[in-house]
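Residue strings, one per chain:
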Amino acid sequence: EDKVVQSPLSLVVHEGDTVTLNCSYEVTNFRSLLWYKQEKKAPTFLFMLTSSGIEKKSGRLSSILDKKELFSILNITATQTGDSAVYLCAVFTGAGSYQLTFGKGTKLSVIP
Amino acid sequence: SQTIHQWPATLVQPVGSPLSLECTVEGTSNPNLYWYRQAAGRGLQLLFYSVGIGQISSEVPQNLSASRPQDRQFILSSKKLLLSDSGFYLCAWSVGGHQQYFGPGTRLTVT
């Protein structure tokens, strides 16, 4: 059974801190890993990673994938209160079912 | 641009009552469509997906069903709700790639 594990489950930081969120996976037929940000409603897409060692960056957020060690990290620098959200990691295996397997998420709270 | 709609946004239903949640997508053709449920403390769980009209695949056995009567319409139903059906229901779509785009969700409380 495909499995995606995120850590920590929750995290509280102060504005300006840098955080690292972790995602490890055990799946058959890995195709890609995706990060989403979920505030109160729909998850919004952040990054999709398919190759090891290539960093994806968007503003203060960045992510990298290690396909040998089967994990990804999401970094957020200079955190702001608007970064408070649940961050979801998902893996796409493309094994005919088109489904994403999601982790339980990391709840990040940024306090002023 | 593509948009996805879900309604209602919130719903409170008694145990044993029927359910119908609707999802529509605009601005794209032949999308793959998905229903997920997110229960408190758990990750997103895929319930159903569809690759075309009338084609439904179920990932988790339960008292829910799905239908796709039109290319960009996806419906989640139940004949008799259980307490365990409470949760946040998300519809999503994708076309040709790995990235899925989510609708605003329906928060269902079964009392």
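The preceding data block contains the structure.
Please read these numbers as outputs of a predicted model, since none were measured by experiment.

What exactly am I supposed to notice about the overall build of chain B here?
Scanning chain B for helices and strands turns up zero helices and eleven strands. Mapped from its N terminus to its C terminus, chain B presents α and β elements in the order β-β-β-β-β-β-β-β-β-β-β. For a compact globule of 111 residues, the expected C-alpha radius of gyration is about 13 Å, and chain B comes in at 13 Å, within 12% of that figure. Counting only C-alpha atoms, chain B reaches 40 × 25 × 20 Å along its principal axes. Sorting the 111 residues of chain B into buried and exposed places 50% on the buried side. Long-range contacts, defined here as pairs at least 24 residues apart, represent 54% of the contacts in chain B between residues at least 6 apart. Carbon and sulfur atoms make up 52% of the accessible area of chain B, which totals about 5100 Å².

Any chance you could explain the sheet that holds strand E7 (residues 61-66) of chain A here in plain terms?
Think of a sheet as strands paired side by side through backbone hydrogen bonds, with each pair either parallel or antiparallel. Residue and element names in this part refer to chain A. Here we have five strands laid out as an open sheet, ordered E1-E3-E8-E7-E6, and antiparallel in their pairing. With one partner strand each, in any of the chains shown, strand E1 (3-7) and strand E6 (56-58) form the two edges of the open sheet. Each strand axis lies, on average, 15° off the axis of its neighbour in the sheet, ignoring direction. Direction of pairing for E6 relative to E7: antiparallel, over a ladder of three bridges. Residue pairing in the sheet places Ser58 in a bridge with Leu61 of E7.

Is there a simple way to think about the packing of aromatic side chains in this case?
Any pair of aromatic rings gets described here by the distance separating the centres and the angle formed by the planes. Tallied over the full model, the rule gives ten aromatic pairs over all chains. Note on Phe102 of chain A and Phe102 of chain B: the rings are 6.1 Å apart at their centroids and 70° apart in plane angle, and the pair reads as edge-to-face. Taken as a pair, Phe102 of chain A in strand E10 (residues 100-102) and Phe102 of chain B in strand E10 (residues 101-102) lie in two separate chains rather than in one. Of the two residues, Phe102 of chain A and Phe102 of chain B, both sit in the buried class. Aromatic side chains Trp93 of chain B and Tyr101 of chain B sit 4.8 Å apart centroid to centroid with 25° between the ring planes, which places their arrangement in the stacked category. With a relative accessible area of 6%, Trp93 of chain B lands in the buried category. Through pairs of rings, three or more aromatic residues link up here, namely Tyr36, Phe45 and Phe102 of chain A together with Tyr34, Tyr36 and Phe102 of chain B. Directly above the aromatic system of Phe88 of chain B lies the positively charged group of Arg107 of chain B, at a separation of 4.4 Å from the ring centroid.

Basis of the calculations
- Residues numbered from 1 in each chain as written.
- Chains lettered and ligands numbered in written order.
- Predicted model: local features only at pLDDT ≥ 70, side-chain atom pairs only at ≥ 80, totals over all residues.
- Heavy atoms only, no water.
- Helix = DSSP H or I, 4+ residues; strand = E, 2+ residues; numbered from the N terminus.
- Rg over C-alpha atoms; globule rule 2.2 N^0.38 Å.
- Buried < 20%, exposed > 50% of the residue type's maximum accessible area, 1.4 Å probe, protein only.
- Contact = heavy atoms within 4.5 Å.
- Areas by Shrake-Rupley, 256 points an atom, 1.4 Å probe, with all protein chains shown as cover.
- Pairing = 2+ DSSP bridges.
- Axes fitted to C-alpha atoms, helices over the stretch in contact; angles between N-to-C directions.
- Phe/Tyr/Trp six-rings, centres within 6.5 Å; stacked < 30°, edge-to-face > 60°.
- Lys NZ or Arg CZ within 6 Å of the ring centre and 35° of its normal.

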